[in-house]
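Examining the three-dimensional arrangement
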Amino acid sequence: MKLIHYIYNKWSNGLIALLIASFANCPMVNGQTVNLTLEQCRQQALQHNKTLGTAKLQIKQREADMKAMKSNFLPNFNLMAVDFYNTGKVNLTPDINGLFPSGMASVNAMMAQLAQSPVYAPLVSGLQGVASNFQLPDNFLEFKVGNFFTGGISFTEPLYAGGKITAGYKMNKLGVQMAGTNVRLKESEVLLQTDEAYVLCVRAKELGEVARSYRTLLQELQKNVDAAVKHGLKTRNDAMKVQVKLNEAELNIVKADNAYRLAQMNLAQIIGLPLVQQIEVTTNGLFTEPAKDTPATSLADITKRPEYELLGDKTELKRLQVKLTRSDFLPSLMLFGTFGYTNGMKFMDKTLFNKATATVGVMLKVPLFHFGEGCHKIRSAKAAYQIAQLEQEDLNEKMQLEALQASNNLREAAMEIEITRKSVEQAAENMKMSKQQYEVGTEPLSDYLESHAIWQQASASAVEARCGYLLAQSRYQKAIGER
């Protein structure tokens, strides 16, 4: 308990340690610890990662867009029907004061002029007399709308659209390809993220084991020193020195355990497990000897990288965009036709329209003049295409540099493993010789304790080197498109 209070007062991350302890007291999933290898974590991350799931759904979205665009090559059929009732009507019954309907004013005026002529006056007078005695029904010559219905099927088939439909279809097809490549990119990112999280767990676990080994050495030394103090062979000061080092070892163990728990929670979040799930990582077969044929220092082949393919597809999209823009200002030719039926409108109580009709035609649209709008839009699309080409070249060079840097890091990590291995062997030999000299009294306790600390630091460095090599290997594989 005193040690816990000491840690809390000395380091500001004491609260984090308490939170981790509270998580550790929560009930575990299935009530047990899950043992996972790196490959199992990779597979589980690919299945549960939400970002990757979104990328896969985008493939379905792009495929639907492509199929919708493909339908523009085929005719479009539409059904239309209209039915309405109108109360309007027109009465064409003749005016008895004239011989013809009131709507025919010019004819009536001519008859009035004839009535002034001595030759035609008797005839006009006789006709007026007949008209005055002739009674017509009120609905005679009546035109009314009434109920009117028309309906039919129409179709349109583009014969030529300036290349717009073809360019649009190719762009959507390219979009499906880009969505698939994006899934590969997300998978590589998820795998790298999983490797980093797993190696972080391994690192914390290995450092914890080193700290416990160091504590075991100090505990054994403490027993010997305490026994020597009782017999008066050592001073109390020597026992205090060992106790201080032992306290530091205990603190390092607490830090390693806390780091391991946080690393477990981080890994659980990536692979889709609850944060409170206890995960035990294994190092069996994980640490292998570095490859003898280390990557060359020349420029690597990056054509397998999904980023390389995405850049090429993005540039191709801009090229197709130029064609799509140009098509708006080219002639278009369309075939159309209709077949319909019309019923309605009555004249003298007889239906005027009651038949089916068909129409077939061709429509040509030729843009003539838009005050330079087309030229400016095409120039803008071409500029965007050139920008995409420059960006592609620039990013390709950066990816080559990234691959070269990853290759250098991998070679350096392999070299660091060899160096730290020798350091551990030398530190162990040094600690053995120091123990012998300390036991015969030719070396002070401080030097003996220092040999323990050197071994602990060398062992920790060896763990860091092995974990660093794993990460460098994973990052190099991603940099050259092998993952």
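Okay, so let's go over this structure. Not measured: the values here are computed from a predicted model.

1. Observations concerning the overall build of the chain
Scanning the chain for helices and strands turns up 11 helices and six strands. Counting the 483 residues in the chain, one finds 32% classified as buried. Carbon and sulfur atoms make up 57% of the accessible area of the chain, which amounts to about 29400 Å² in all.

2. Some thoughts on the packing of helix 7 (residues 164–230) against helix 9 (residues 306–327)
Here helix 7 crosses helix 9 at 165 degrees, and the two axes come no closer than 9 Å. Looking at the two axes, helix 7 sits roughly antiparallel to helix 9. At the point where helix 7 passes helix 9, the crossing takes the left-handed sense.

3. Brief notes about the packing of helix 7 against helix 8 (residues 236–271)
Angle between the axes and distance between the axes: these two values describe a pair of packed helices. For the pair helix 7 and helix 8, the least separation of the axes is 8 Å and the interaxial angle reads 160 degrees. Judged by the inter-axis angle, helix 7 sits roughly antiparallel to helix 8. As helix 7 runs across helix 8, the sense of the crossing is left-handed. Of the residues in the contact of helix 7 with helix 8, the class split is 24 nonpolar, nine polar and eight charged.

4. Considering the pairing of strand 5 (residues 332–347)
As judged from the 14 bridges shared by strand 3 (residues 142–160) and strand 5, these two strands associate in the antiparallel manner. Of the residues in strand 5, the one forming a bridge with threonine 156 is phenylalanine 336. Direction of pairing for strand 5 relative to strand 6 (residues 350–365): antiparallel, over a ladder of 15 bridges. If you follow phenylalanine 347 over to strand 6, its bridge partner there is lysine 350. In textbook terms, the turn of a hairpin is the stretch between consecutive antiparallel strands, and for strand 5 and strand 6 this stretch comprises two residues, one of which, methionine 348, has a positive phi near 55 degrees.

5. Points about the environment of arginine 62
One can find arginine 62 in helix 4 (residues 50–70). Each C-alpha atom of the pair arginine 62 and valine 176 lies 5.0 Å from the other, and the pair is 114 residues apart in sequence. Sequence-distant contacts of arginine 62, that is, excluding residues within four places in its chain, are made with Asn172, Gly175, Val176 and Ala179.

6. A look at the environment of valine 322
Among the structural elements, valine 322 can be located in helix 9. For valine 322, a relative accessible area of 8% translates into the label buried. Distance from valine 322 to alanine 384, taken between C-alpha atoms, is 8.8 Å for residues 62 residues apart in sequence. Once you skip the residues sitting within four places of it in the chain, valine 322 turns out to touch Ala381, Lys382 and Tyr385.

7. Things to note about the nonpolar core
The biggest cluster of nonpolar side chains holds 26 residues, and the ones touching the most others in it are Tyr198, Leu267, Ile271, Ile279 and Val281. Mapped onto this core, the elements with two or more residues apiece are helix 3 (38–48), helix 7, helix 8, strand 4 (279–281) and helix 11 (445–479). If you tally residues by element for this core, the top one is helix 7, at eight residues. Setting aside its immediate chain neighbours within four residues, tyrosine 198 contacts Leu36, Thr37, Leu38, Cys41, Leu267, Val281, Thr282 and Leu286.

8. Some remarks on helix 9
End to end, helix 9 covers 31 Å across 22 residues, agreeing with the expected 32 Å (1.5 Å per residue, within 8%). Those residues of helix 9 lying buried are Pro306, Glu307, Leu310, Leu311, Asp313, Thr315, Leu320, Val322, Thr325 and Ser327. On its buried side, helix 9 packs onto helix 7, helix 10 (373–439) and helix 11.

9. A look at unusual backbone geometry
Even without being a glycine, phenylalanine 371 presents a positive backbone phi close to 55 degrees. Note that phenylalanine 371 resides in the loop between strand 6 and helix 10. Judged by its relative accessible area of 72%, phenylalanine 371 falls in the exposed class.

10. Focus: the pattern of salt bridges
For the structure on display, the rule yields 19 salt bridges. Across the pair glutamate 373 and lysine 377 runs a salt bridge, and its minimum N-O distance is 3.0 Å. Residue glutamate 373 and its partner lysine 377 are both found in helix 10; the two are separated by four residues, about one turn of the helix. Exposure remark for glutamate 373: the relative accessible area of 34% places this residue in the partly exposed category. In this structure lysine 377 comes out as partly exposed when scored by relative accessible area, which is 42%.

11. Focus: the side chain of serine 188
Among the structural elements, serine 188 can be located in helix 7. What serine 188 contacts, discounting residues up to four positions off in sequence, is Pro306, Lys478 and Arg483.

12. Re the packing of aromatic side chains
Tallying each qualifying case throughout the model produces six aromatic pairs. Judged by centre distance (6.4 Å) and plane angle (45 degrees), the rings of phenylalanine 149 and tyrosine 341 are tilted. Taken together, the positions of phenylalanine 149 in strand 3 and tyrosine 341 in strand 5 put the pair 192 residues apart, joining distant regions of the chain. On the basis of an interplanar angle of 25 degrees and a centroid distance of 4.9 Å, the ring pair of tyrosine 438 and tyrosine 448 is categorised as stacked.

Calculation rules
Residues numbered from 1 in each chain as written. Predicted model: local features only at pLDDT ≥ 70, side-chain atom pairs only at ≥ 80, totals over all residues. Heavy atoms only, no water. Helix = DSSP H or I, 4+ residues; strand = E, 2+ residues; numbered from the N terminus. Buried < 20%, exposed > 50% of the residue type's maximum accessible area, 1.4 Å probe, protein only. Areas by Shrake-Rupley, 256 points an atom, 1.4 Å probe, with all protein chains shown as cover. Axes fitted to C-alpha atoms, helices over the stretch in contact; angles between N-to-C directions. Parallel < 35°, antiparallel > 145°, perpendicular 65-115°, else oblique. Left-handed = near helix turned anticlockwise from the far one by under 90°. Nonpolar A, V, L, I, M, F, W, Y, C, P; charged D, E, K, R; others polar. Pairing = 2+ DSSP bridges. Contact = heavy atoms within 4.5 Å. Core = buried A, V, L, I, M, F, W, Y, C linked by side-chain atoms within 4.5 Å. Expected span 1.5 Å × (residues − 1). Salt bridge = Lys/Arg side-chain N within 4 Å of Asp/Glu carboxyl O. Phe/Tyr/Trp six-rings, centres within 6.5 Å; stacked < 30°, edge-to-face > 60°.

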